[in-house]
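# Chain and residue survey
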Amino acid sequence: MEALSERNPRVVSAVKLHRGVARRKSGLFLAEGANSVAAALDTERVHELFYSVRAAEREHELVAGAIAQGVRATLVSERAAEQLGETVTPPGLVAVCRSVDIPLPQVLSAAPRMLAVPVEISDPGNAGTLIRVADAVGADGVVLAGDSVDPHNGKCVRACAGSLFHVPLARERDTDTVLAALREAGITVLATTARGEVDLDDAEEILRGPVAWLFGNEAHGLDPAVAERADHRIRIPIHGRAESLNLAAAAAICLYAGARVRYR
């Protein structure tokens, strides 16, 4: 089988998916590396798989599994694999996948018990880490509220390590719409703020019911006006001298606290 070069139209078209405008137009995105590709194949979201000779040797079962599933699997040159990948040392295994986000009402119709709702999250690495944490704690979904990063961004997909395909994900640019929908669904809205009136250690009773955790932007935190509209404002106790926690750390602590109550 002859490997496709970087000039092949299919490869050129896939490489364009590194840009947000091409992802929005096509409804497709790239998932790079064995973890992400395996998770994408499990959910049958793979449109096409590109692999290099070295990747085929290393991930033979994964490539064979994709072919058995009826996925179009295409051998590409090392140069094409480099262009398809975004990392310093590309793994040579890249799947073109269908977008994963679903409408907010669909997430809420499943009667979720715990949701992560980052508001105006802008860093793709943080977004991916948060989605991965939500997956790990057994959250029922992630809702990206406001002007947020594209979860199909390559850095975000890599940071998810496959979790992007495991957790229901919705995007809604209007934060007011998100808050109203959560309230209508009977979900208690919790804002994480440094000066919250409820200490996380004392929030067990609140965490017994369905909750949605609001997490603020990395640089500015949660807008005070949004925090005011939550049912409760929760603070994470800090016993050392650190002034605050970063977004991913705060989200992990809060979501694990919720999971501990839920799965006890």
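Conventions used here
- Each chain has its residues counted from 1, running along the sequence as written.
- Local features in a predicted model are, by the rule used here, given only for residues with pLDDT of at least 70; side-chain atom pairs are given and counted only at 80 or more, and totals for whole chains, interfaces and linings are based on all residues.
- Based on all heavy atoms of the structure, the side-chain values leave hydrogens and waters out of the count.
- Where helices and strands are cited, they refer to DSSP runs of H or I of at least four residues and of E of at least two residues respectively, numbered from the N terminus.
- Residue burial is assigned from relative accessible area. The probe radius is 1.4 Å, only protein chains are included, and a residue is buried under 20% of its type maximum, exposed over 50%, and partly exposed in between.
- Any pair of residues with heavy atoms lying within 4.5 Å of one another is described as a contacting pair.
- Whether two strands pair depends on DSSP finding at least two bridges between them.
- Angular values range over 0 to 180 degrees, each being the angle between N-to-C directions of two axes fitted as lines to C-alpha atoms, with helices fitted over their stretch in contact.
- The split into domains, and so the bounds of each, comes from an automatic or database assignment of domains.
- Buried surface area refers to the total accessible area, computed with a probe of radius 1.4 Å, that the two partners give up upon joining, counted for both partners together.
- Put simply, a salt bridge is a Lys or Arg side-chain nitrogen that is within 4 Å of an Asp or Glu carboxyl oxygen.
- Pairs of N or O atoms are called polar contacts if they sit within 3.5 Å, as long as, within protein, a hydrogen donor faces a hydrogen acceptor (for residues adjacent in sequence, only side-chain-to-side-chain pairs).
- Each Phe, Tyr or Trp ring (for Trp, its six-membered ring) is paired with any other whose centre lies within 6.5 Å, and the angle between the two planes then decides the class: stacked below 30 degrees, edge-to-face above 60, tilted in between.

### Comments concerning the overall build of the protein
For the protein, the count of helices and strands is 12 helices and 11 strands. Seen through its principal axes, the protein has C-alpha atoms that stretch 65 × 40 × 35 Å. The burial tally for the protein puts 50% of its 264 residues in the buried class. Considering only contacts in the protein between residues 6 or more positions apart, those separated by 24 or more positions represent 81%.

### Some words on the sheet that holds strand β8 (residues 188–192)
Adjacent strands of a sheet form backbone hydrogen bonds with each other and so pair up, either parallel or antiparallel. Judged by pairing direction, the sheet is parallel, and its 7 strands sit side by side in the order β7-β6-β5-β10-β8-β11-β9 without closing on themselves. With partners counted over all chains shown, the strands left at the sheet margins are β7 (169–172) and β9 (198–199), one partner each. Sheet topology note: the β9/strand β11 (residues 232–235) ladder contains 2 bridges and is parallel. For V198, the partnering residue across the bridge sits in β11 and is I234. Of the strands in this sheet, β5 (114–118), β8 and β10 (211–215) touch helix α12 (residues 247–263), which is tilted by about 170° from β10.

### Quick word on the domain arrangement of the protein
On domain assignment, one finds that the protein holds domain 1 (9–98) and domain 2 (104–263). Between the C-alpha centres of domain 1 and domain 2 there is a distance of 30 Å. Contacts between the two partners involve 14 residues from domain 1 and, on the opposite side, 12 residues from domain 2. In this assembly, domain 1 packs against domain 2 so that about 980 Å² is buried in total across both faces, 62% of it on carbon and sulfur atoms. If you look at where domain 1 meets domain 2, you find 3 salt bridges. Of the charged contacts, one joins R158 and E86 as a salt bridge, the two residues approaching to 3.1 Å between their closest N and O atoms.

### Comments concerning the pattern of salt bridges
Should their charged atoms come close, side chains of opposite charge can pair. Counting across every chain of the model gives 19 salt bridges. Across the pair E48 and R10 runs a salt bridge, and its minimum N-O distance is 2.6 Å. Of this pair, E48 sits in strand β2 (residues 46–51) while R10 is found in helix α1 (residues 9–15), placing the two residues 38 residues apart along the sequence. When its relative accessible area of 6% is taken as the criterion, E48 is described as buried. Overall, the relative accessible area of 27% leaves R10 in the partly exposed class.

### A short note on the sheet that holds β2
With respect to topology, 4 strands assemble into an open sheet ordered β1-β4-β2-β3, the strand pairing being mixed. Every interior strand has two partners, whereas the edge strands, β1 (28–32) and β3 (72–75), have only one. Between one strand axis and the next, the sheet turns by 20° as a mean value, whatever way the strands run. Looking at chain direction, β1 and strand β4 (residues 93–98) are connected through 5 bridges and run antiparallel. Residue pairing for β4: L30 is matched across the bridge by V96. Taken strand by strand, helix α3 (residues 34–42) contacts β1, β2 and β4, and its axis lies near 35° from that of β4. Across the sheet, helix α5 (residues 60–68) lies against β2, β3 and β4, angled at about 145° from β2, the strand it touches most.

### A closer look at the side chain of N217
Note that N217 resides in the loop between β10 and α11 (224–228). With near-sequence residues (within four places) excluded, N217 lies in contact with V119, E120, S122 and L222.

### Regarding the environment of R98
As for its position among the elements, R98 is in strand β4. Residue R98 is classed as partly exposed on the basis of its relative accessible area, which comes to 35%. It is 10 Å that separates the C-alpha atoms of R98 and T43, two residues lying 55 residues apart in sequence. Residues within four places of R98 in sequence aside, it is in contact with G27, L28, F29, E44, R45, V46 and H47. Side-chain polar atoms of R98 contact the backbone oxygen of E44, separated by 2.8 Å.

### Some details on the packing of aromatic side chains
This model, assessed by the stated rule, comprises 2 aromatic pairs. Centre to centre, the rings of W213 and F215 are 6.4 Å apart; their planes meet at 10°, and the pair counts as stacked. Under the relative-accessibility criterion, W213 is labelled buried at 0%. Exposure remark for F215: the relative accessible area of 1% places this residue in the buried category.

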